[in-house]
Amino acid sequence: FTIMPNWCNTSLVFEGDKQEIKTLYLTMKKLERRKTPLVENGFGVNWLGCLVEALGGHWEETYCRGTWFSLEYHGNILRMETETAWSPCIETYDFICKVFPSLAYYYRSEEPMMAEYLTNDLEGRHFMACYHVDAILPNGDYMSESFDSLEAALQWVTEKSGCTVQSEADVEALNEQWHTGDNEGYCYLHHYRVV
């Protein structure tokens, strides 16, 4: 039997030499336009393994279990989103930087099932958010939002919950209050861990 992974969503920015960024972008767009994937796989034409192969690598030697989407190209910056199994595909991102030596990457990833909220953007060059709130209100509405400060996160929880929330302990108390008996509501406040 096959174990279904938890999916990790990553916002990713590559930054560097304009020509290298353009070459990477055009390579990815060419892969996206294919009728069939460069390498047979279960993900499609935008599988990260196809990109590894197009850049001269071997997908079997690089952890690349996932896809990219939402490419945005602006001069010396390429933005994208990835959805990958369990965690960000750091090996793939490192491989891209090996092929294009001027490039550096910054990311922010969220894998809610394992409560893994990660970033490597210590200075906030592209990702300012430090906190993430993940909640299901007692009425069943799902909400998820990232914030630049603890104060902004607490204010948002106060507005959405109708309760006064002034600390992380208040969020924990709200979570306990919402997750009782038949009520499946919850409210979690996560810190993005810098890696």
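Residues numbered from 1 in each chain as written. Predicted model: local features only at pLDDT ≥ 70, side-chain atom pairs only at ≥ 80, totals over all residues. Heavy atoms only, no water.

Novice: How do you make sense of the nonpolar core when you look at a structure like this?
Specialist: One recurring pattern in soluble globular proteins: nonpolar side chains tend to sit buried together. Ranked by size, the top nonpolar core spans 29 residues in total, and within it Phe14, Leu24 and Leu78 carry the most contacts. Contributing elements (two or more residues each) for this core: strand E1 (7-15), helix H1 (18-33), helix H2 (48-54), strand E2 (66-74), strand E3 (77-85), helix H3 (90-99) and strand E4 (104-111). Residue contributions to this core peak at five residues, all from H1. Setting aside anything within four residues of it in sequence, one finds Leu24 in contact with Phe14, Leu51, Leu55, Leu78, Ile96, Phe100 and Leu103. In terms of nonpolar packing, the next biggest core, distinct from the first, is built from 17 residues, Ala135, Ala153, Val157 and Leu189 among them. (Core = buried A, V, L, I, M, F, W, Y, C linked by side-chain atoms within 4.5 Å. Buried < 20%, exposed > 50% of the residue type's maximum accessible area, 1.4 Å probe, protein only. Helix = DSSP H or I, 4+ residues; strand = E, 2+ residues; numbered from the N terminus. Contact = heavy atoms within 4.5 Å.)

Novice: Looking at this structure, how should I read the environment of Cys163?
Specialist: Among the structural elements, Cys163 can be located in the loop between helix H4 (150-161) and helix H5 (168-178). On the accessibility criterion, Cys163 (25% relative accessible area) is partly exposed. Sequence-wise, Cys163 and Leu174 are 11 residues apart; in three dimensions their C-alpha atoms are separated by 8.3 Å. Setting aside residues no more than four positions away along its own chain, Cys163 makes contact with Thr158 and Leu174.

Novice: Quick question: what am I supposed to make of the sheet that holds strand E8 (residues 186-191) here?
Specialist: Strands in a sheet are paired, the pairing made by backbone hydrogen bonds, and the direction either parallel or antiparallel. Pairing is antiparallel across the open sheet formed by three strands, whose spatial order is E7-E6-E8. The open sheet has two edge strands, strand E7 (142-147) and E8, and neither has a second partner. Strand-to-strand, the axes of this sheet are offset by a mean angle of 10°, without reference to chain direction. As paired elements, strand E6 (residues 131-136) and E7 share six bridges and run antiparallel to each other. Following the sheet pairing, Ala135 is matched in E7 by Met143. The sheet strands contacting H4 are E6, E7 and E8, and the helix crosses E7 at an angle near 160°. (Pairing = 2+ DSSP bridges. Axes fitted to C-alpha atoms, helices over the stretch in contact; angles between N-to-C directions.)

Novice: What is the right way to look at the pattern of salt bridges in this model?
Specialist: Pairing of side chains with opposite charge becomes possible as their charged atoms draw close. For the structure on display, the rule yields four salt bridges. Between Glu110 and Arg108 there is a salt bridge whose closest N-O contact spans 3.9 Å. (Salt bridge = Lys/Arg side-chain N within 4 Å of Asp/Glu carboxyl O.)

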